[in-house]
Amino acid sequence: MSRAVVSETSSRSAQQVSDCIYHGWSTTHVVQNDPTTHIELEKGRMTIFTWQDSMFADVYPRGAGSEVRFYKTFNMGPEVLADRSSIVKLCA
């Protein structure tokens, strides 16, 4: 896996961080809203996907808080990257 674009720890629960990212990614838009945003659960990790799964955030429970790592799978315009990254940072 490539290196995370954003890596943050949070005092908020993994569920709270995941819900916040999901809401932000599915309703905030740079170019358009993204109806492909969804959450998948797997072995103690929540992954929020957006832009047809080309960007995603893994959220892990860490004690009473959580850790989030945001990845992208392609080179994108700086506006899109800044928008999605800022939502991850705001939610953490």
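Thresholds applied
- Residues numbered from 1 in each chain as written.
- Predicted model: local features only at pLDDT ≥ 70, side-chain atom pairs only at ≥ 80, totals over all residues.
- Heavy atoms only, no water.
- Phe/Tyr/Trp six-rings, centres within 6.5 Å; stacked < 30°, edge-to-face > 60°.
- Buried < 20%, exposed > 50% of the residue type's maximum accessible area, 1.4 Å probe, protein only.
- Salt bridge = Lys/Arg side-chain N within 4 Å of Asp/Glu carboxyl O.
- Disulfide = S-S within 2.5 Å.
- Helix = DSSP H or I, 4+ residues; strand = E, 2+ residues; numbered from the N terminus.

Peer 1: Requested: an account of the packing of aromatic side chains, with residues and values cited.
Peer 2: Two aromatic rings are characterised by how far apart their centres lie and by the angle between their planes. This structure, assessed with the given rule, holds three aromatic pairs. When the centroid spacing of 5.8 Å and the interplanar angle of 40° are considered together, the rings of F49 and F56 count as tilted. For F49, a relative accessible area of 15% translates into the label buried. Residue F56 is classed as buried on the basis of its relative accessible area, which comes to 9%. Members of the aromatic cluster, connected to one another through ring pairs, are F49, F56 and Y71.

Peer 1: Can you lay out the pattern of salt bridges for me, pointing to particular residues and giving the numbers?
Peer 2: Scanning all chains against the criterion turns up five salt bridges. With a shortest N-O distance of 3.8 Å, E42 and R45 are connected by a salt bridge. In this structure E42 comes out as partly exposed when scored by relative accessible area, which is 45%. Here R45 falls in the partly exposed class, since its relative accessible area comes to 25%. Put simply, R69 and E67 hold a salt bridge, and the shortest N to O gap is 2.9 Å.

Peer 1: So what's going on with the state of the cysteines? Residues and values would help.
Peer 2: Under the counting rule described, the total for this entry stands at one disulfide. Between the sulfur atoms of C20 and its disulfide partner C91 the distance amounts to 2.1 Å. Linking C20 and C91, the disulfide has an S-S dihedral of approximately -70° and is accordingly described as left-handed. Highlighted residues: C20 in helix α1 (residues 14–27) and C91 in helix α2 (residues 78–91), separated in sequence by 71 residues. Looking at C20, the relative accessible area reads 22%, which means it is partly exposed.

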